[in-house]
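Coordinates in review
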Amino acid sequence: MTSSSSPSQDTKRFAHTHPEGLRADALMEEDVAWSLEIDGERDGDQFDRSERAALRRVAGLSTELEDVTEVEYRQLRLERVVLVGVWTSGTVQDAENSLAELAALAETAGALVLDGVIQRRDKPDAATYIGSGKAEELRDIVLETGADTVICDGELSPGQLIHLEDVVKVKVIDRTALILDIFAQHAKSREGKAQVSLAQMQYMLPRLRGWGQSLSRQMGGGKGGGLATRGPGETKIETDRRRIREKMAKMRREIAEMKTGREVKRQERKRNKVPSVAIAGYTNAGKSSLLNRLTGAGVLVENALFATLDPTVRRAETPSGRLYTLADTVGFVRHLPHHLVEAFRSTMEEVGDSDLILHVVDGSHPNPEEQLAAVREVIRDVGATDVPEIVVINKADAADPLTLQRLLRVEKRSLAVSARTGQNIEQLLAYIDAELPRPSVEIEALVPYTHGKLVARAHDEGEVISEEHTPEGTLLKARVHEELAAELAPYVPAAAG
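Residues numbered from 1 in each chain as written. Predicted model: local features only at pLDDT ≥ 70, side-chain atom pairs only at ≥ 80, totals over all residues. Heavy atoms only, no water.

Going by what an unreviewed UniProt entry lists, the protein chain is known as GTPase HflX and is assigned to Streptomyces viridosporus T7A. According to its UniProt record, the protein chain has this under Sequence similarities (unreviewed entry): "Belongs to the TRAFAC class OBG-HflX-like GTPase superfamily. HflX GTPase family." Quoted verbatim from the Function (unreviewed entry) field of UniProt, the annotation for the protein chain is "GTPase that associates with the 50S ribosomal subunit and may have a role during protein synthesis or ribosome biogenesis." (UniProt positions renumbered as here; feature names shortened; annotations may be inferred.)

A closer look at the overall build of the protein chain
A tally of helices and strands in the protein chain yields 17 helices and 14 strands. Across the 497 residues that make up the protein chain, the buried fraction comes to 48%. In the protein chain, 68% of the contacts between residues at least 6 apart in sequence involve partners at least 24 apart. Here the protein chain displays about 24300 Å² of accessible surface, and carbon together with sulfur accounts for 51% of that area. (Helix = DSSP H or I, 4+ residues; strand = E, 2+ residues; numbered from the N terminus. Buried < 20%, exposed > 50% of the residue type's maximum accessible area, 1.4 Å probe, protein only. Contact = heavy atoms within 4.5 Å. Areas by Shrake-Rupley, 256 points an atom, 1.4 Å probe, with all protein chains shown as cover.)

Some details on the layout of surface pockets
Considering only enclosed or pocket space, the largest pocket measures out at about 690 Å³ in volume. Around the largest pocket sit 30 residues that line it, and Ser98, Asp153, Arg175, Arg334 and His335 are the ones nearest its centre. Looking at the lining of the largest pocket, the elements with two or more residues in it are strand S2 (79-87), helix H4 (92-108), helix H7 (175-186) and helix H13 (368-381). In terms of residues, the lining of the largest pocket owes the most to one element, H13, which gives six residues. Across the lining of the largest pocket, the residue classes break down as 14 nonpolar, eight polar and eight charged. (1 Å grid on protein atoms, 1.4 Å probe; cavity = no way out; pocket = protein on both sides within 12 Å on 5 of 7 lines; lining within 4 Å. Points joined across faces, edges and corners; volume = space filled by probe spheres on them. Nonpolar A, V, L, I, M, F, W, Y, C, P; charged D, E, K, R; others polar.)

Observations concerning the pattern of salt bridges
Across all of its chains, the model carries 15 salt bridges by this definition. Linking Glu79 and Lys171 is a salt bridge whose minimum nitrogen-to-oxygen distance equals 2.7 Å. Residue Glu79 is found in strand S2, and its partner Lys171 is found in strand S5 (residues 171-174); the two are separated by 92 residues along the sequence. Linking Glu369 and Arg406 is a salt bridge whose minimum nitrogen-to-oxygen distance equals 2.6 Å. Here Arg406 lies in helix H14 (residues 401-410) and Glu369 lies in helix H13, a separation of 37 residues in the sequence. Residue classification places Glu369 among the partly exposed positions, given a relative accessible area of 31%. A single network of salt bridges, built from pairs that share partners, joins Glu101, Asp153 and Arg175. (Salt bridge = Lys/Arg side-chain N within 4 Å of Asp/Glu carboxyl O.)

A look at the pairing of strand S4 (residues 149-152)
Across the two faces of S4 the burial is the same, with Thr149 and Ile151 and Val150 and Cys152 all buried. Alignment of S2 against S4, held across four bridges, turns out to be parallel. Looking across to S4, one finds that Val84 is bridged to Cys152. Two elements, S4 and S5, share four bridges in a ladder whose sense is parallel. Bridge pairing in S5 links Cys152 to Asp174. Each parallel crossover has a hand, and for S4 linked through helix H6 (residues 158-168) to S5 it is right-handed. (Pairing = 2+ DSSP bridges. Right-handed = clockwise from strand over helix to strand, strands pointing away.)

Examining the nonpolar core
Counting 90 residues, the largest nonpolar core has Leu83, Val150, Leu290, Phe332, Leu358 and Leu428 as the members making the most contacts within it. For Leu290, the contacting residues outside a window of four places in its chain are Val360, Val392, Val417, Ala419, Ile425 and Leu428. Val447, Val455, Ala478 and Leu488 belong to the second largest nonpolar core, which has twelve residues in total. (Core = buried A, V, L, I, M, F, W, Y, C linked by side-chain atoms within 4.5 Å.)

A closer look at the environment of Arg266
With respect to the helices and strands, the residue Arg266 is situated in helix H9 (residues 236-271). A sequence separation of 87 residues divides Arg266 from Asp353, and the C-alpha atoms of the two residues are 8.6 Å apart.

Digging into a positive patch on the surface
A surface patch of like charges, here positive, comprises Arg243, Lys247, Lys250 and Arg253. Here Arg253 is to be found in helix H9. The exposure class of Arg253 is exposed, given its relative accessible area of 52%. (Patch = residues over 30% accessible without salt bridge, like charges linked within 9 Å, V, L, I, M, F, W, Y side chains within 5 Å. Lys, Arg positive; Asp, Glu negative; His and termini not counted. Charge placed at Lys NZ, Arg CZ, Asp CG, Glu CD.)

Brief notes about the sheet that holds strand S6 (residues 276-281)
Sheet architecture is open: six strands sit in the order S7-S8-S6-S9-S10-S11, paired in mixed fashion. Sheet topology places strand S7 (312-317) and strand S11 (414-416) at the edges, where each strand pairs with a single neighbour. Averaged over all pairs of adjacent strands, the angle between their axes in this sheet comes to 25°, without regard to strand direction. Pairing analysis gives three bridges linking strand S10 (residues 389-394) to S11, with the strands arranged parallel. Along S11, the bridge assignment pairs Val392 with Leu415. (Axes fitted to C-alpha atoms, helices over the stretch in contact; angles between N-to-C directions.)

Here we look at the packing of aromatic side chains
Evaluated as defined, the whole model comprises zero aromatic pairs. For Arg120, the ring lying beneath its charged end belongs to Trp87, and the centroid distance is 4.6 Å. (Phe/Tyr/Trp six-rings, centres within 6.5 Å; stacked < 30°, edge-to-face > 60°. Lys NZ or Arg CZ within 6 Å of the ring centre and 35° of its normal.)

Some thoughts on the side chain of Gln371
Mapping Gln371 onto the fold places it in helix H13. Discounting chain neighbours no more than four positions away, the residues touching Gln371 are Tyr282, Val361, Asp362 and His365.

Quick word on the sheet that holds strand S12 (residues 441-447)
The strand order S12-S14-S13 describes an open sheet built from three strands, whose pairing is antiparallel. The sheet is open, and its two borders are formed by S12 and strand S13 (463-469), each paired with just one other strand. In this sheet, neighbouring strand axes are inclined to one another by 10° on average, regardless of whether the strands run parallel or antiparallel. Inspection of the sheet shows S12 paired to strand S14 (residues 474-480) by seven bridges, in the antiparallel sense. Residue pairing across strands places Ala445 opposite Leu476, the latter belonging to S14. Helix H16 (residues 452-461) rests against S12, S13 and S14 of the sheet, and its axis sits at about 145° to S13.

Below you can see the structure in the form of structure tokens.
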């Protein structure tokens, strides 16, 4: 990573504190006074006034290649980006982890990360996100690295986007726009594409700008012509907004129609008393790998954020022979854009309507507790807090043993597994079998061979305890639901009845 030619003592590298990495020349005028209530709790070792307000370089984010033959090709097709974040609370490590995740998102979207900086502030600047002085320093970093895009680790208002672009002189996008772009790349099904398009339009609507405000209005009609009686009409940007609103209304109708088809399938599963299990979790935690391991579904597995976007439902069987469905849902991430939660609400209903949630967390992640909290926040948003949950700590083969012990101690209903090696998968299947709701009626019936369909249904919908073939028919002992119990009642032996 390139270092500044004129370092000053205002900036500090995080991973390796070297004097030659110091950069910032300007101090922020606002929000830099030391406060015991605020700074005493969150700083740990206290920084000088200038250090607290400075842009801080985050080392190790660059994805630039060293092989020149590959670099020339990649630089032709990839955007070159600089990341910037505002550290308002928590520790330095929390701020670095957040920016590292933003770097992974940027790389997933196809960008080339050149540099990353964070700034300590009580809250983001209302005008330029990081303040005018630090925005000018950011412009120097952009010029030095040759970047063509700045990505901010947060959701920026339309005004912040405009003002920051005016200073740094390159395109500026925020975390929400980046996630939307990744979703647009990975959506494959018709419903997934429609949901992403709706979320993108919701995001774009308040951010429309350009030449629209300066174009003349479309004048109203009338017999007199010229200054007619209908008023000045719409500007070009108002016309664009109206068209976007019309497209959004059409998209919502289409998504509602597609939702009906999925609800029909879900009701069919409920009618047949097939229990459902939903796999939920942070993106790149290994949900698709776990689905493949449990069912052999053959879903795409890739070490990338949001590699699979469209939900996948597969049929599975417990060790005791009971059938159930396993649904792989869209991955979650910290600060998941509200537009996406709303657009994908119909898809996330798979979680709310399930009988059991497998909450997958990456055991090798530096902060798995934060992943758990982020996912539970979204689960709460879609109203699935009453569904039983098993915390599946994946990637146990690569995780720190102390981290695994801590998670297993804190999360009472949890199990450490490895979808890659198959470690503890059998125990997980047994756990699922024990947690799934069981049929309510235990019955013993002598079913004639002419009514073999009832025996088949007992296998599919219930839990067969024993089965014996006699000259009179099949002697069946099983736990079944009330509807099937009523159909089997005529064949219950008198002594058993």
